[in-house]
Amino acid sequence: MIFQLRMMHTMIYVMLFMVVAMAARKCRNRRMLSYAHQTLHRHQIRSLNLDKMVFESDRQSLVNCRMDRRTFAKLCHLVKTVRGLKETRNMSVEEMVVNFFHIIGHHTKNRVNKRQVVRSGETISKQFHAIQKSVLRLHLLLFKKDVPIGDNSTDSR
């Protein structure tokens, strides 16, 4: 009889341990899912923000980046092909260019842009400087070269 009671106590402790272990595991899994959901949520916000700022219409693109969608696409292509700038695991080239021209065009600080695009200030600063270097190195392609006016010009200006 005493042996059976001890056996029952041991089985109860083992079952109690298993229940506690399963509950702890369930809590860990729930935590992991919530982090994945937050990451997905941030990605959706960034994607919607980029679409709204540039790809919605030419008017929105002019307001946010000070250029139309065609010019924006050409500049992104130049930055990618000529300067060889590649997207990082965190940010696409299009998003970098949008942030750069939004900061330049509206004279905003990183802190304001950080909140709008749901990025860290360090990421925005690094990508801003990368695009700035690329655009400055494209000056030979982007700026029109002066052509001297000849003596036999008939233009009235």
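Residues numbered from 1 in each chain as written. Predicted model: local features only at pLDDT ≥ 70, side-chain atom pairs only at ≥ 80, totals over all residues. Heavy atoms only, no water.

A. How the structure looks around the overall build of the protein. The helix and strand tally for the protein stands at seven helices and zero strands. Reading the protein from its N end, one meets helices and strands in the order α-α-α-α-α-α-α. Relative to its 157 residues, the protein shows a buried fraction of 24%. For the protein, the proportion of contacts with a sequence separation of at least 24, taken over those separated by at least 6, is 51%. Just so you have it, the protein exposes about 12,800 Å², and 60% of that area is on carbon and sulfur atoms. (Helix = DSSP H or I, 4+ residues; strand = E, 2+ residues; numbered from the N terminus. Buried < 20%, exposed > 50% of the residue type's maximum accessible area, 1.4 Å probe, protein only. Contact = heavy atoms within 4.5 Å. Areas by Shrake-Rupley, 256 points an atom, 1.4 Å probe, with all protein chains shown as cover.)

B. Seen up close, helix α2 (residues 58-65). Listed in full, the buried residues belonging to α2 are S61, N64 and C65. Take α2 and look down its axis: the buried residues cluster within an arc of 75 degrees, on one side only. Positioned one or two residues after α2, R66 has a phi angle of 65 degrees, which is positive. (Arc of directions from axis to C-beta.)

C. A look at the nonpolar core. In terms of nonpolar packing, the biggest core is built from 24 residues, with F72, V79, V97, V98, F101 and I131 touching the most fellow members. Broken down by element, this core gets its largest block of residues, seven residues, from helix α4 (residues 93-106). With residues up to four places along the chain from it excluded, the contact list for I131 reads V79, L85, M96, V97 and F100. (Core = buried A, V, L, I, M, F, W, Y, C linked by side-chain atoms within 4.5 Å.)

D. Main features of the packing of helix α3 (residues 69-81) against α4. The geometry of α3 relative to α4 is characterised by a closest axis approach of 10 Å and an angle of 115 degrees between their N-to-C directions. α3 and α4 meet at a crossing whose hand is right-handed. Contacts from F72, L75, C76, V79 and K80 in α3 reach V93, E94, V97, V98 and F101 in α4. Taken together, the residues of the contact of α3 with α4 break down into eight nonpolar, no polar and two charged. (Axes fitted to C-alpha atoms, helices over the stretch in contact; angles between N-to-C directions. Left-handed = near helix turned anticlockwise from the far one by under 90°. Nonpolar A, V, L, I, M, F, W, Y, C, P; charged D, E, K, R; others polar.)

E. Spatial organisation of the side chain of N64. Mapped onto the fold, N64 is located in helix α2. With residues up to four places along the chain from it excluded, the contact list for N64 reads K52, M53, F101, H102 and H106.

F. A nonpolar patch on the surface, seen in detail. Where nonpolar side chains cluster on the molecular surface, the patch consists of V82, L141, L142 and F143 and spans about 400 Å² of accessible area. Structurally, L142 is set in helix α7 (residues 139-142). (Patch = residues over 30% accessible without salt bridge, like charges linked within 9 Å, V, L, I, M, F, W, Y side chains within 5 Å. Salt bridge = Lys/Arg side-chain N within 4 Å of Asp/Glu carboxyl O.)

G. Spotlight on the pattern of salt bridges. Summed over all chains, the structure comprises four salt bridges. The salt bridge partner of R119 is E95, with a shortest N-O separation of 3.1 Å. With R119 in the loop between α5 (110-117) and α6 (121-137) and E95 in helix α4, this residue pair connects regions lying 24 residues apart in the sequence. Considered together, R119 and E95 belong to a single accessibility category, that of buried residues. For the salt bridge of K126 with E122, the shortest nitrogen-to-oxygen distance reads 3.3 Å. Taken together, the residues span about one helical turn, with K126 and E122 both in helix α6 at a distance of four residues. As far as burial versus exposure is concerned, K126 and E122 are alike and both exposed.

H. Here's a closer look at the environment of I131. You can see I131 is positioned in helix α6. With a relative accessible area of 0%, I131 lands in the buried category. For I131 and R83, which are 48 residues apart along the polypeptide, the C-alpha to C-alpha distance reads 9.7 Å.

It is worth stressing that arrangement in space is one thing and function is another; only the former is reported here.
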